[in-house]
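Structural description and commentary
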Amino acid sequence: MMEAVATIPPFERFYVDHREGVFGFLVRRVGRDRAEDAFQETFLRALKSYESLAHAGNLRAWVFTIAARVAVDDFRKRRATAAEHEPVVEDSRPAYAELEHLAGELPPKERAAVVLRYGYDLEYSDIALALGSSEEAARQATSSGVRRLRRKGVTL
Amino acid sequence: MKVSDDLDRRFRERAVSEGSLDVAYDLVDSPIGALLVAVTERGLCRIGFDAEPERDLDPLARLFGAKVLRAPKAVDEPRRELSEYFEGTRTAFDVPVDVRFDAFRLRVMDELSRVPYGEVTTYGALAARAGKPRAARAVGTFMNRNPIPIVLPCHRVVGANGSLTGYGGGLERKERLLQLEGASLTLLG
């Protein structure tokens, strides 16, 4: 199915449409206490890259991917603080950054599904929330994205 | 999950303070109905009558960029000046404006901004002062499409015979504003 390509809506409309879904998602990812900061961070990041969006294809998946990244950053920051006195050894490049690059050419929905599943280790129930679809549709989008990547020689 | 009013307000304020918006707007109550008041970083860019954000947001986004957000704090200054104007304690606006016009329209709007509180002029006189005495009709169009009525006082421009002629926000509002300013339509000359 072709996704309709539309110009991006005024940010106010986008924000009002997605604020509650994103907030609920973040409460699940980072907990009630930290969700408010993560919420602000998510929409501020969205605002900064809003103009560079070429079209309005699946803004929901787009903003949930940002929220997922904010949650991961929050987790890493907490872990770094907790382990302040130990040497921190980490991959220089997080898995999701690489994956976002590799998945760049997938259709928006499949791209979000693959990144959320393999980059952020999200459960299908959370991916479904991000895509605004059923869990079954989230699974399908993920596996279809993976198949498409495999055909290009990318293995996950 | 419901986003609390407090969190919502804090996000909107941060979006403004970080300078990330193309346009911030809010609805402002007035005796002539709710006004949509919008600002860019440079200044006041829109005052709309019969405010209906659903309808007003798209033109703002097309003109100034898609990063349009309701942010009450950002319009505090024009809100205060408008409220003083409607109370009758303010006769001129100090708030900076952001209008994007070509040269002739800019001259016309500049002349318009010099028409004093409580006085009226005509479309023809304004055209003449802007250097094109025959352009009364074009001046009428500019007035009709004035992006920031009240502050740029197109309500002070009337027909050569002293009739109110027209107003983007409806003749009733034009009359109301002139009454508020104590303008006398019989003193045209």
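The paragraphs below set out a description of the structure included in this document. (Residues numbered from 1 in each chain as written. Chains lettered and ligands numbered in written order. Predicted model: local features only at pLDDT ≥ 70, side-chain atom pairs only at ≥ 80, totals over all residues. Heavy atoms only, no water.)

**Some details on the overall build of chain B**
When its secondary structure is counted, chain B shows 7 helices and 6 strands. Ordered by position in the sequence, the α and β elements of chain B form the string α-β-β-β-α-β-α-α-β-α-α-β-α. Over its C-alpha trace chain B gives a radius of gyration of 18 Å, about what one expects of a compact globule, namely 16 Å for 189 residues. Seen through its C-alpha atoms, chain B measures out along the principal axes to roughly 60 × 35 × 25 Å. A total of 189 residues make up chain B; the buried ones form 50% of that total. For chain B, restricting intrachain contacts to residue pairs at least 6 apart in sequence, the fraction spanning at least 24 positions comes to 60%. Split by element, the accessible area of chain B, about 9300 Å² in all, is 49% carbon and sulfur. Taking the average location of the 28 positive side-chain charges in chain B and that of its 28 negative ones, the two points are 5 Å from each other. (Helix = DSSP H or I, 4+ residues; strand = E, 2+ residues; numbered from the N terminus. Rg over C-alpha atoms; globule rule 2.2 N^0.38 Å. Buried < 20%, exposed > 50% of the residue type's maximum accessible area, 1.4 Å probe, protein only. Contact = heavy atoms within 4.5 Å. Areas by Shrake-Rupley, 256 points an atom, 1.4 Å probe, with all protein chains shown as cover. Lys, Arg positive; Asp, Glu negative; His and termini not counted. Charge placed at Lys NZ, Arg CZ, Asp CG, Glu CD.)

**Regarding the interface of chain B and chain A**
Of the residues lining the interface, 25 residues belong to chain B; the matching set on chain A comes to 24 residues. Between chain B and chain A the total buried area reaches about 2300 Å² when both faces are included, carbon and sulfur atoms providing 59% of it. Summed over the three residues of chain B that lose the most area to chain A, namely Met 1, Phe 11 and Lys 67 of chain B, the buried surface amounts to 30% of that side. Seen at the junction of chain B and chain A, the total is 7 salt bridges. A salt bridge links Glu 54 of chain B to Arg 13 of chain A; its shortest N-O distance comes to 3.4 Å. Summed over the shared surface of chain B and chain A, the number is 13 residue pairs in polar contact (both at pLDDT 80 or more). Elements with a contribution of two residues or more to the side of chain B that touches chain A: helix H1 (5-17), helix H2 (53-64) and strand E4 (68-70) of chain B. Taken together, the residues of the side of chain B that touches chain A sort by class into 12 nonpolar, 2 polar and 11 charged. (Buried area = accessible area lost by both parts, 1.4 Å probe. Salt bridge = Lys/Arg side-chain N within 4 Å of Asp/Glu carboxyl O. Polar contact = N/O pair within 3.5 Å; in protein donor to acceptor, adjacent residues only side chain to side chain. Nonpolar A, V, L, I, M, F, W, Y, C, P; charged D, E, K, R; others polar.)

**Considering the environment of Phe 86 of chain B**
All names here are of chain B. Of note, Phe 86 is situated in helix H3 (residues 76-87). We classify Phe 86 as buried; its relative accessible area is 14%. In the structure, Phe 86 is positioned 57 residues away from Asp 29 in sequence and 10 Å away in space, judged by C-alpha atoms. If sequence neighbours within four positions are ignored, Phe 86 has contacts with Ser 30, Pro 31, Ile 32, Leu 35, Ile 150, Leu 177 and Leu 180.

**A look at the nonpolar core**
In terms of nonpolar packing, the biggest core is built from 95 residues, with Phe 11 and Phe 39 of chain A together with Met 143 and Ile 150 of chain B touching the most fellow members. Among the elements that make up this core, the one with the highest residue count is helix H3 (residues 59-82) of chain A (10 residues). When near neighbours in sequence (up to four residues on either side) are disregarded, Ile 150 of chain B contacts Ile 32, Leu 35, Phe 49, Leu 82, Tyr 85, Phe 86, Phe 93, His 155, Tyr 167 and Leu 177 of chain B. Ala 38, Ala 51, Leu 57 and Val 68 of chain B belong to the second-largest nonpolar core, a separate cluster that totals 11 residues. (Core = buried A, V, L, I, M, F, W, Y, C linked by side-chain atoms within 4.5 Å.)

**Some thoughts on the pairing of strand E3 (residues 44-48) of chain B**
Residues and elements named next belong to chain B. Most of E3 sits out of view: 5 of its 5 residues are buried. As judged from the 4 bridges shared by strand E2 (residues 35-39) and E3, these two strands associate in the antiparallel manner. Of the residues in E3, the one forming a bridge with Ala 38 is Arg 46. Here E2 folds back onto E3 in antiparallel fashion, the turn holding 4 residues, of which Gly 43 has a positive phi close to 155°. (Pairing = 2+ DSSP bridges.)

**Quick notes on the pairing of strand E1 (residues 23-28) of chain B**
Residue and element names in this part refer to chain B. Within E1, 5 of the 6 residues are buried, which leaves the element mostly enclosed by the surrounding structure. Summarising the sheet, E1 and E4 pair through 3 bridges and their orientation is parallel. For Val 23, the partnering residue across the bridge sits in E4 and is Val 68. Where E1 and E2 come together, 5 bridges link them in antiparallel fashion. Directly across from Leu 27, in E2, lies its bridge partner Leu 36. Hairpin remark: E1 followed by E2, antiparallel, with 6 residues in the connecting loop; positive phi at Gly 33, about 100°.

**Remarks on the packing of aromatic side chains**
Applying the stated criterion across every chain yields a total of 19 aromatic pairs over all chains. Ring centres 5.1 Å apart and planes at 65° place the aromatic pair Phe 25 of chain A and Phe 64 of chain A in the edge-to-face group. A residue pair is termed long-range when its members are at least 10 positions apart, and Phe 25 of chain A in helix H1 (residues 11-30) and Phe 64 of chain A in helix H3 qualify at 39 residues. Neither Phe 25 of chain A nor Phe 64 of chain A differs from the other in exposure class; each is buried. An aromatic cluster is present here, built from Phe 11, Phe 14, Tyr 15, Phe 23, Phe 39, Phe 43, Tyr 50 and Trp 62 of chain A together with Phe 11 of chain B joined pairwise through their rings. The ring of Tyr 124 of chain A carries the charged tip of Arg 117 of chain A above its face, separated from the ring centre by 4.8 Å. Of note, Lys 132 of chain B hangs over the ring of Phe 104 of chain B, and the distance from its end group to the ring centre comes to 4.5 Å. (Phe/Tyr/Trp six-rings, centres within 6.5 Å; stacked < 30°, edge-to-face > 60°. Lys NZ or Arg CZ within 6 Å of the ring centre and 35° of its normal.)

**Observations regarding the sheet that holds E4 of chain B**
Residue and element names in this part refer to chain B. Taken together, the 4 strands give an open sheet; going across it, the order is E3-E2-E1-E4, and neighbouring strands pair in mixed fashion. The outermost strands of the open sheet, each flanked by one partner alone, are E3 and E4. Recorded for the sheet is a direction-independent mean angle of 25° between the axes of neighbouring strands. On top of the sheet, H3 reaches E1, E2 and E3; it is set at about 140° to E2, its chief contact. (Axes fitted to C-alpha atoms, helices over the stretch in contact; angles between N-to-C directions.)

**Observations concerning the packing of H3 of chain A against helix H6 (residues 124-131) of chain A**
Residue and element names in this part refer to chain A. Look at H3 against H6: their axes get within 7 Å of each other, and the N-to-C directions meet at 130°. Overall, the two elements H3 and H6 adopt an arrangement that is oblique. In this structure, H3 contributes Arg 60, Ala 61 and Phe 64 to the contact, and H6 contributes Leu 129, Ala 130 and Leu 131. For the contact of H3 with H6, a count of residues per class yields 5 nonpolar, no polar and 1 charged. (Parallel < 35°, antiparallel > 145°, perpendicular 65-115°, else oblique.)

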